[in-house]
Amino acid sequence: MWIWYAMLKCVSAVILGLGMLSVSMVSAQEKVRPQSFKVLGSFANLSPFLKYEQPFWSKTLTEKSGGAIKSDIRPHTELGLKGFEILRLLNLGVFDFGHVVIGYVASDNPAFEGLDLAALTQDFQSQRAISEAYKQVLEPLLEKKHGVKLLGLNPYPSQMFFCRSEIKSLADLKGKKVRVYSATLGDFVEGVGGISVTIPFPEVVPALEKGTIDCGIGGGSTAFAGKWYEVAKSIYGMRVGYGMGMILANLRTWNNLDQGTKNLILTEMKAYEDRMWRGIALEDQEGLDCNVGKACTLGKPGNMTYQAPSAEDLKQRGEILKNFVVKRWAQRCGKECTQEWGKTIGRQLDIAVP
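Residues numbered from 1 in each chain as written. Predicted model: local features only at pLDDT ≥ 70, side-chain atom pairs only at ≥ 80, totals over all residues. Heavy atoms only, no water.

1. Describing the overall build of the protein chain
Here is the rule we go by: In this text, helices come from DSSP runs of H or I with a minimum length of four residues, and strands from runs of E with a minimum of two, each type numbered from the N-terminal end. Each residue is assigned to one of three classes by its accessible area relative to the maximum for its type, calculated with a 1.4 Å probe on protein chains only: buried under 20%, partly exposed between the two thresholds, exposed over 50%. Any two residues having at least one pair of non-hydrogen atoms within 4.5 Å are treated as being in contact. Note on areas: Shrake-Rupley with a 1.4 Å probe; residue coverage comes only from the protein chains shown. Only four residue types enter the charge count, namely Lys and Arg as positive and Asp and Glu as negative; His and the chain termini do not. Note that the charge is assigned to NZ on lysines, CZ on arginines, CG on aspartates and CD on glutamates.
Summing up its helical and strand segments, the protein chain has 12 helices and 11 strands in all. Overall, the protein chain is about 85 × 50 × 40 Å in size when its C-alpha atoms are taken along their principal axes. Across the 354 residues that make up the protein chain, the buried fraction comes to 53%. When contacts within the protein chain are restricted to residue pairs at least 6 apart in sequence, those whose partners lie at least 24 apart make up 76%. Entry remark: accessible area of the protein chain is about 16,200 Å², with carbon and sulfur atoms responsible for 55%. Measuring between centres, the 42 positive side-chain charges of the protein chain sit 1 Å from its 36 negative side-chain charges.

Encoded structure:
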């Protein structure tokens, strides 16, 4: 008899627990008002948009809000935008939320570049550590000067050199015309004796094909998706950046949201950041493998060669970082800006600001 009594108590407890959970979920959903958002995504054919941005806004937030939040996300490349104008569009309220590559908007404020200075770090773990530290600099800057709220930071695959000819060392880049998309990448290229040429991502393949440029800086999987392997011959594996991205909200939109919606977005954005840092780090190696003809799940592999940087090149990288990259950036950014960088990233990496 006592067995049946014990079983009944267990079943009752389960039913009560499910009921409490149901009430809790309904309560949480009631705090989120029904609303629709316009979201500007990044590059239509690349994995950051396809695997992370689009599912987050189109599925995750809708499901977590119990259907209260609906978002229309469009990649900027499908709207005829280059990427350089995204921050201003968000400031004007043309979009409620947006994903922007820091290098594309660094001309709006050189302080942004501080997070992704060329050749600053050589692994994802170090890059994430400095990203977390630099949030305290970016958050007030974006709100006060640009009218947007920082929700998160994410990497793209590590940025390397994809070239029409064999490149085996930094010395081989001397005199080469190299595609860049930010001033800091241009500083590094010029530091090795190359010529920097600013070109948006969709225009790299025709520029390489025509010989307008000799090399393009890009990530392994993004370059593979863009079919750079059809017009480039070699990869030189010096990491010169991570194409860091910011997830931003128009400040007026954000301030008008109810607290339940804010809490939901911030909670899910933290999970989004964690997913993307892990996923892009794994994708980084596969992108390289696909370009050089190894096992590839992303499509038919290319046939490029890969050259890892030598110990001598890594030493030279440090000298270029100090004498060209950080020095030139400090001149663009000014005293107050570089002091904030020194207290955060500079301190973590033990790099003195000129």
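2. A look at empty space enclosed by the protein
As a reminder, the rule being used: Grid points spaced at 1 Å and placed over the protein atoms alone form the basis of the search, with a cavity being a set where a 1.4 Å probe fits but cannot get out and a pocket an open set showing protein on both sides within 12 Å along at least five of seven lines. Lining residues have an atom within 4 Å of a point. Grid points are joined across faces, edges and corners, and a volume is the space filled by probe spheres set on the points. Here the nonpolar group is Ala, Val, Leu, Ile, Met, Phe, Trp, Tyr, Cys and Pro; Asp, Glu, Lys and Arg are the charged ones; every other residue, Gly included, is treated as polar.
Inspection of every chain in the model, using the stated rule, returns four cavities of 30 Å³ or more. If you go around the largest cavity, you meet 13 residues; those closest to its centre are Phe43, Tyr156, Gln159, Tyr181 and Phe201. Residues belonging to the lining of the largest cavity are distributed by class as follows: seven nonpolar, five polar and one charged. In this structure, the second largest cavity occupies an estimated 80 Å³ of space. Of all the secondary structure elements, the ones that give two or more residues to the lining of the second largest cavity are helix H4 (102–105) and helix H6 (183–191).

3. As for the packing of H6 against helix H11 (residues 311–333)
The following threshold applies: Axis angles are defined between N-to-C directions and span 0 to 180 degrees, where every axis is a line fitted to C-alpha atoms and, for a helix, only to the segment in contact. Take the far helix as the reference: if the near one is turned anticlockwise from it by less than a right angle, the crossing is left-handed, and if turned clockwise, right-handed.
Interhelical geometry of H6 versus H11 gives an angle of 140° and a closest axis separation of 9 Å. Note on packing geometry: the crossing formed by H6 with H11 is right-handed. Of the residues in H11, those touching H6 at Ala183, Thr184, Asp187, Phe188, Glu190 and Gly191 are Ile320, Phe324, Val325, Arg328, Trp329 and Arg332. The residue inventory of the contact of H6 with H11, partitioned by class, reads six nonpolar, two polar and four charged.

4. Focus on the pairing of strand E7 (residues 195–198)
What counts is decided by this rule: Should DSSP find at least two bridges between two strands, the strands are taken to pair. Whether a crossover is right-handed comes down to one check: with the strands pointing away from the viewer, does the path from the first strand over the helix to the second run clockwise; if it does, it is right-handed.
Here strand E6 (residues 177–180) pairs with E7 via four bridges, running parallel. Note that in E7 the partner of Lys177 across the bridge is Ile195. Tracing the backbone out of E6, into H6 and back to the parallel element E7 gives a crossover that is right-handed.

5. Description of the side chain of Thr62
Put simply, the test is: Whenever two N or O atoms come within 3.5 Å, that pair is a polar contact, provided that in protein one can donate a hydrogen and the other can accept it, and provided that, for residues adjacent in sequence, both atoms are side-chain atoms.
Mapped onto the secondary structure, Thr62 falls in helix H2 (residues 47–64). From its side chain, Thr62 meets the backbone oxygen of Ile69 in a polar contact 2.9 Å long. Not counting residues within four places of it along the chain, the set of residues in contact with Thr62 comprises Trp57, Gly67, Ala68, Ile69 and Lys70.

6. Thoughts on H11
Here is the rule: Given a helix with a known number of residues, its expected span is that number minus one, times 1.5 Å. The quantity called bend is, for any residue, the angle between two axes fitted respectively to the seven residues ending at it and the seven beginning at it.
Given a rise of 1.5 Å per residue, 23 residues ought to cover 33 Å, and the 31 Å separating the end C-alpha atoms of H11 matches this to within 8%. The largest bend along H11 measures about 40° and falls at Leu321. For H11, the full list of buried residues reads Asp313, Arg317, Ile320, Leu321, Val325, Val326, Trp329, Ala330 and Cys333. Each element contacted by the buried residues of H11 is listed here: helix H5 (124–146), H6, strand E9 (234–236) and helix H12 (335–349). Downstream of H11 by a residue or two, Gly334 has a phi angle that is positive, lying close to 95°.

7. Some words on the sheet that holds E7
Pairing within the open sheet is mixed, and its six strands lie in the order E7-E6-E8-E5-E9-E11. Edge positions in the open sheet fall to E7 and strand E11 (305–307), since each of these has one partner strand only. Direction aside, the axes of adjacent strands within the sheet are offset by 30° on average.

8. With respect to the layout of surface pockets
One simple way to see leftover space: roll a probe sized like a water molecule over the atoms. When its volume is computed, the largest pocket comes out at roughly 340 Å³. Along its surface, the largest pocket is lined by 14 residues, and Leu141, Lys145, Glu336, Cys337 and Glu340 are the ones closest to its centre. When contributions to the lining of the largest pocket are tallied by element, the ones reaching two or more residues are H5 and H12. It is H5 that contributes the most residues to the lining of the largest pocket, seven residues altogether. Forming the boundary of the second largest pocket are 14 residues, of which Asn45, Ser221, Phe224, Ala225 and Leu298 lie nearest the centre. Only H2 and helix H8 (220–225) provide two or more residues apiece to the lining of the second largest pocket. Here the residues of the lining of the second largest pocket are counted per class, giving seven nonpolar, four polar and three charged.

9. Quick word on the state of the cysteines
Here is the rule: Any cysteine sulfur atom paired with another within 2.5 Å is treated as part of a disulfide.
The tally for this structure, following the rule as stated, stands at three disulfides. Sulfur-sulfur distance for the disulfide between Cys290 and Cys296 comes to 2.0 Å. Between Cys290 and Cys296, the S-S torsion sits near 95°, and that sign places the bridge as right-handed. Covalently, Cys333 is tied to Cys337 through a disulfide, its sulfur atoms 1.7 Å apart. Residues Cys333 and Cys337 share a disulfide whose torsion about the S-S bond is about 70°; that sign makes it right-handed. Residue Cys333 shares its accessibility class with Cys337, and that shared class is buried.

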